[in-house]
Amino acid sequence: MQELRDGSIIVFIGYLTGVQCWLLPLTGLAHEVFSQRRGPAKTAQYLDTELTQYGEELMGLHPFVLIVDNSTPKPAGTCVDIWSIRSGNMIHTIHFKSEIFSLTVNQHVLVVALQEKIAVFDAVTFETKFWISRCYPCTETQPIGLGSRWLAYSDKGALQSHLSYGGMCGTGLQSYTATMLNAAQSVKKGLSIVGETVGRLTQHNYQYSEQPSKSRDSDDRPGIVTIVDCVLADGETSLTDSTVSRATIAHFTAHTNSQISAISFDRR
């Protein structure tokens with residue numbers, strides 16, 4: 001189910017023989033806008049960006065339905081088929097060598113999550129925009145969160161040179177943000193308590209920054225989240241010790257000793 005810009009809702013219904021796409025406008029009168037009977041679909045998305053962004057070739061074909069199906073003879077779940085709702089024809093196919101876990105779209109990009117990689121395509125031209133190969137390896141799903149412009153994903157490990165303020169410290173200590181909030185709340189209890197809290201913060205930060213910086217490319221560590229700007233990102237966007245990307249918004253430890261299963265932005 002997807003909510004459109006005008007408040008209407010798109011509902012996908014999957015069958016063993018295909019998939020249907022229904023539009024539910026604010027009037028409540030639902031009607032079918034797309035139907036495909038080529039076998040079971042693994043996942044599907046509805047895509048309709050601003051009309052002025054399309055070139056002449058695609059102007060009369062939008063909106064689109066993106067489908068990952070499990071039909072043969074092509075390997076199941078490895079292709080994204082792009083269908084035009086207006087013409088009813090498939091206009092493009094994006095092929096991958098491994099299984100697709102999920103599709104996510106916004107007004108700028110189409111995000112395809114694979115087992116250890118995230119591929120991002122322009123939502124207007126369907127050309128490759130950037131990719132992230134440093135994802136934490138998953139067996140069932142690759143957790144991603146896509147907002148109106150930012151993309152959050154589960155990173156393969158923490159890089160000390162890129163760590164942001166906030167998050168959970170590996171030693172079990174409170175984050176910088178959480179400690180400062182606690183310090184502020186302690187004001188009414190006396191300045192001595194505030195001094196102790198800030199003092200502990202300073203000591204913890206010093207000990208944390210003294211840890212040697214090294215690449216964790218061969219040492220997978222769960223619980224790390226990285227956020228990138230989909231508009232600024234281009235080409236290989238994975239973090240490394242030796243690179244600094246202007247597209248990177250944040251890189252932090254969400255929690256320790258547990259794999260991330262879901263990420264989401266507040267869409268308000």
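Structure: above.
This is a predicted model, so every value here is computed, not measured.

Definitions and cut-offs
Residues numbered from 1 in each chain as written. Predicted model: local features only at pLDDT ≥ 70, side-chain atom pairs only at ≥ 80, totals over all residues. Heavy atoms only, no water. Disulfide = S-S within 2.5 Å. Pairing = 2+ DSSP bridges. Helix = DSSP H or I, 4+ residues; strand = E, 2+ residues; numbered from the N terminus. Buried < 20%, exposed > 50% of the residue type's maximum accessible area, 1.4 Å probe, protein only. Core = buried A, V, L, I, M, F, W, Y, C linked by side-chain atoms within 4.5 Å. Contact = heavy atoms within 4.5 Å. Axes fitted to C-alpha atoms, helices over the stretch in contact; angles between N-to-C directions. Salt bridge = Lys/Arg side-chain N within 4 Å of Asp/Glu carboxyl O. Polar contact = N/O pair within 3.5 Å; in protein donor to acceptor, adjacent residues only side chain to side chain. Phe/Tyr/Trp six-rings, centres within 6.5 Å; stacked < 30°, edge-to-face > 60°.

Participant: Just checking my understanding: could you explain the state of the cysteines for this structure?
Facilitator: Where two cysteines share a covalent bond between their sulfur atoms, that bond is called a disulfide. Counting across every chain of the model gives 0 disulfides. In this model Cys138 remains outside any disulfide bridge; the closest cysteine sulfur is found in Cys135, 8.0 Å from its own.

Participant: I tried to follow the sheet that holds strand 10 (residues 109-113) on my own but got confused; where do I start?
Facilitator: Sheet strands line up and pair through hydrogen bonds in the backbone, either parallel or antiparallel. With mixed pairing, the 5 strands of this open sheet are ordered in space as 9-10-11-12-16. Of all strands in the sheet, those bounded by a partner on one side alone are strand 9 (102-105) and strand 16 (235-236). In terms of strand pairing, strand 9 meets strand 10 through 4 bridges, oriented antiparallel. The residue bridging Thr104 from the neighbouring strand is Val111, located in strand 10.

Participant: Looking at this structure, I do not really get unusual backbone geometry. What am I missing?
Facilitator: Peptide bonds are trans in most cases, and residues, glycine excluded, mostly fall at negative phi. Despite not being glycine, Phe126 shows a phi value in the positive range, around 65°. With respect to the element layout, Phe126 can be found in the loop between strand 11 (118-122) and strand 12 (128-132).

Participant: Which parts of the structure should I look at to understand the pairing of strand 11?
Facilitator: Regular strands show a simple pattern: their side chains alternate between the two faces of the sheet. Counting buried residues along strand 11, 4 of its 5 residues qualify, which places the element largely inside the surrounding structure. Bridge count for strand 10 against strand 11 is 5 bridges, and the pairing is antiparallel. Looking at the pairing, Ala113 lines up with Ile118 of strand 11. From the end of strand 10 to the start of strand 11, which pair antiparallel, there are 4 residues. Judged from the 4 bridges that link them, strand 11 and strand 12 form a sheet pairing that is antiparallel. Along strand 12, the bridge assignment pairs Ala119 with Trp131.

Participant: Help me out: how do you make sense of the nonpolar core in this one?
Facilitator: Among soluble globular proteins, nonpolar side chains are generally buried collectively. Counting residues in hydrophobic clusters, the biggest one holds 18 residues, and the most contacted among them are Leu66, Val80, Phe96, Ile100, Leu103, Leu110 and Val112. Looking at this core, the elements that each hand over two or more residues are strand 6 (64-69), strand 7 (79-84), strand 9, strand 10 and strand 11. It is strand 6 that provides the largest number of residues to this core, a total of 3 residues. Excluding its chain neighbours within four sequence positions, the residues that come into contact with Leu66 are Thr43, Ala44, Gln45, Leu47, Val80, Asp81, Ile82, Leu103, Val105 and Leu110. Within the second largest apolar cluster, 16 residues are counted, among which are Val111, Ala113, Ile118 and Val228.

Participant: Would you explain the pairing of strand 6 in this entry?
Facilitator: Among the 6 residues of strand 6, 6 are classified as buried, and the element is accordingly described as predominantly covered. In strand 6, alternate side chains face the same way, and those of Phe64, Leu66 and Val68 on one face and Val65, Ile67 and Asp69 on the other are all buried. Here 4 bridges tie strand 6 to strand 7, and the two strands are oriented antiparallel to one another. Paired with Leu66 across the two strands is Ile82, which belongs to strand 7.

Participant: Can you walk me through the sheet that holds strand 6 in this structure?
Facilitator: The strand order across the open sheet formed by 4 strands is 5-6-7-8, and the pairing between neighbours is antiparallel. Where the open sheet ends on each side, the last strands, each with one partner, are strand 5 (41-47) and strand 8 (90-95). Strand after strand, the sheet turns through a mean of 20° between neighbouring axes, direction not considered.

Participant: Explanation requested: the pattern of salt bridges in the structure shown.
Facilitator: A side chain of one charge can pair with a side chain of the opposite charge when the charged atoms of the two come close. Considering all chains together, one arrives at 3 salt bridges under this definition. Of the charged contacts in the structure, one is a salt bridge between Lys42 and Glu99, with a shortest N-O distance of 2.4 Å. Placement of the pair is Lys42 in strand 5 and Glu99 in the loop between strand 8 and strand 9, with a sequence separation of 57 residues.

Participant: How do you make sense of the side chain of Thr226 when you look at a structure like this?
Facilitator: Of note, Thr226 is situated in strand 15 (residues 224-229). Of note is the side chain of Thr226, whose polar atom sits 2.6 Å from the side chain of Asp155. When residues no more than four places from it in sequence are discounted, the contact partners of Thr226 are Leu151, Ala152, Tyr153, Asp155, Leu239, Thr248, Ala250 and His251.

Participant: What exactly am I supposed to notice about the packing of aromatic side chains here?
Facilitator: Two numbers describe a pair of aromatic rings. These are the distance of the centres and the angle of the planes. Here the structure, examined in full by the defined rule, presents 3 aromatic pairs. Measuring from centroid to centroid gives 5.6 Å for Phe64 and Phe126, while their planes differ by 80°, and the two rings are edge-to-face. Here Phe64 is found in strand 6, whereas its partner Phe126 is found in the loop between strand 11 and strand 12, with 62 residues between them in sequence. Of the two residues examined, Phe64 and Phe126, each falls in the buried class.

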